Amino acid sequence: MTLQQAGQQGPLNGGGSGSATLADVVETVLDKGVVIDAQVNVGVIGIELINIDARIVIASVDTYLRFADAVNRLELPQQQAGLSDLTGGGGKGKMLDKAAEILDDIGTGSREREKR
Amino acid sequence: MTERTTGSQPTGIFLYGVVPADVEPTADAKGVGDQGQPVSVVPYGDIAALVSEVSLDQPLGKPDDLRTYQQLLDGTATVAPVLPVRFGTVLADRDAVTELLTRHHDAFVAALGELEGLVEYAVRGRYHDQVVLAEVVADNPEVTSLREQIVGQSEDATMNLRVRLGEMVSQAVEEKRNADTRRMVETLEPFAERVVTLPPSHESDAANVAALVRSDARDEFDTAVEKLADEWSERAVVRLLGPLAPYDFVTLQETGG
């Protein structure tokens, strides 16, 4: 078995960011597969899954405000080019904050969660 | 591997998946848990379960556990059909596993038969936010007008306007996602046995799709995904994950019957 097994990626655009992240793994495997009835599961204990709560709620006021911020920070082509150097990444950065947060949660927060 | 209890530590049998009886894990395959016990099989009739011993006094679900689980199943799926069992399923002992296989032998055999020669791929598109948001602004005069009302004012004063703007943008992005998802499904369907749409996992998702692909059609499928990725390259990144075990194509539910 190699670490690349699950993350093999075709020669698509996206380059180095294309390998399977932990978020990919979570999304791919969690809550999938054959469900075995608890009757046989005499031994099921102590399974504490990370990050189910890290999944994004798609529609919420928070989401709306994030979208609004992103759009408001958007530098449209017809606007001054000089500004975009300073703020061009702002909207995107904001939008992607959540993804980074989740990765942080999953990557570093699991021990903490497990102790709860 | 023989059954035993190590000292006073309670142990259980972690169940990864069900495979045809002729599948054997490689000698170096290690299971979930901090100690990573060897992966072995519990055979019954024409099928077998992939299992490993786990300590019951330590919770599972660390990132490495998920990766181990996925790597074992994905690796298996490239050589044989496999029915993934939901992550976190632990039985009391190997006898309980045998009992499970006995009870559902025929259903498992039938399900494995349907998966013969097939692997899953996940295809995920993620928008370039700046590009897609610019599209939304260009398509919606009302968005532009709301932006103009908001600009230069304090956040508190524009709370309601911003919520309205965000909702409008969010809906517009969702419409784009629906359209792009349909486009992805239509593009991939000719090269797959089955294609299912999965819910978005991120607000910038363009499409999230799983496909069950014949092993001998993998190249054609790859090419179709690449073509779509090229077509979308300005506005989204398309990623192909796989071959995977058929996580999204297993509908069996153990009923306890």
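Keep in mind the model is a prediction, meaning the values are calculated, not measured.

Rules used throughout
- Residues numbered from 1 in each chain as written.
- Chains lettered and ligands numbered in written order.
- Predicted model: local features only at pLDDT ≥ 70, side-chain atom pairs only at ≥ 80, totals over all residues.
- Helix = DSSP H or I, 4+ residues; strand = E, 2+ residues; numbered from the N terminus.
- Rg over C-alpha atoms; globule rule 2.2 N^0.38 Å.
- Buried ≥ 20, exposed ≤ 12 C-beta atoms within 10 Å, placed from the backbone.
- Contact = placed C-beta atoms within 7 Å.
- Pairing = 2+ DSSP bridges.
- Axes fitted to C-alpha atoms, helices over the stretch in contact; angles between N-to-C directions.
- Domains from an automatic or database assignment.
- Nonpolar A, V, L, I, M, F, W, Y, C, P; charged D, E, K, R; others polar.
- Core = buried A, V, L, I, M, F, W, Y, C linked by C-beta atoms within 7 Å.
- Parallel < 35°, antiparallel > 145°, perpendicular 65-115°, else oblique.
- Left-handed = near helix turned anticlockwise from the far one by under 90°.

## Some words on the overall build of chain B
Looking only at helices and strands, chain B has six helices and nine strands in total. For 257 residues, the compact-globule estimate of 2.2 N^0.38 gives 18 Å, and the C-alpha radius of gyration of chain B, at 24 Å, exceeds that figure by more than 25%. Counting all 257 residues of chain B, 49% fall into the buried class. Restricting the contact set of chain B to residue pairs at least 6 apart, pairs at least 24 apart contribute 72%.

## Focus on the environment of P10 of chain B
Residues and elements named next belong to chain B. Position of P10 among the secondary structure elements: in the segment before β1 (11-20). Sequence separation between P10 and A92 is 82 residues, and the spatial gap between their C-alpha atoms is 9.6 Å. Ignoring anything within four residues of it in the chain, the contact list for P10 reads L56 and D57.

## Side note on the sheet that holds strand β8 (residues 205-214) of chain B
Residues and elements named next belong to chain B. Here four strands make up an open sheet; going across it, the order is β7-β8-β6-β9 and the pairing antiparallel. Taken across any chain shown, the strands that pair with only one partner, and hence form the sheet edges, are β7 (194-197) and β9 (236-244). On average, each strand axis in the sheet is inclined to that of its neighbour by 20°, with strand direction left out of account. Set on the sheet, helix α5 (residues 159-188) makes contact with β6 (118-127), β7 and β8; between it and β8 the angle comes to about 20°. Against the sheet, helix α6 (residues 218-232) touches β6, β8 and β9, its axis set at about 165° to β9.

## Thoughts on the domain arrangement of chain B
All names here are of chain B. The assigned domain composition of chain B is domain 1 (11-116) and domain 2 (119-249). In this structure, domain 1 and domain 2 have C-alpha centres spaced 34 Å apart. Taken together, the contact between domain 1 and domain 2 spans nine residues of the former and six residues of the latter. Its residues placed into classes, the side of domain 1 that touches domain 2 shows five nonpolar, three polar and one charged.

## Observations regarding the environment of V195 of chain B
All names here are of chain B. With respect to the helices and strands, the residue V195 is situated in strand β7. The exposure class of V195 is buried, given the 21 C-beta atoms found within 10 Å. Remark: the alpha-carbon pair of V195 and A211, spanning 16 residues in sequence, is separated by 4.3 Å. Among residues more than four places away in sequence, those in contact with V195 are V185, L188, E189, V209 and A211.

## Considering the pairing of β1 of chain B
Residues and elements named next belong to chain B. The buried count for β1 comes to nine of 10 residues, which makes it a mostly enclosed element. Of the pairings in the sheet, the one linking β1 to strand β3 (residues 47-55) comprises nine bridges and is antiparallel in character. When the sheet's bridge partners are listed, L15 is paired in β3 with V51. Examined bridge by bridge, β1 and strand β5 (residues 90-91) share two bridges and lie antiparallel to one another. Within the sheet, the bridge partner assigned to I13 lies in β5 and is L91.

## Regarding the nonpolar core
Residues and elements named next belong to chain B. Counting 91 residues, the largest nonpolar core has V97, Y121, V123, V169, L188 and A211 as its most contacted members. It is helix α2 (residues 94-115) that contributes the most residues to this core, seven residues altogether. Counting the residues that make up this core, at least three belong to each of domain 1 (11-116) and domain 2 (119-249). If we skip the residues at most four places from it in the chain, A211 touches E120, Y121, V123, L188, A192, V195 and F221.

## Quick word on the packing of α5 of chain B against α6 of chain B
All names here are of chain B. In contact at an axis separation of 10 Å, α5 and α6 are set at 150° when each is read in the N-to-C sense. In terms of their interaxial angle, α5 and α6 are classed as roughly antiparallel. The element α5 and its partner α6 pack so that their crossing is right-handed. Here α5 contributes M184, T187 and L188 to the contact with α6, which in turn contributes F221, A224 and L228. Per-class residue counts for the contact of α5 with α6 are five nonpolar, one polar and no charged.

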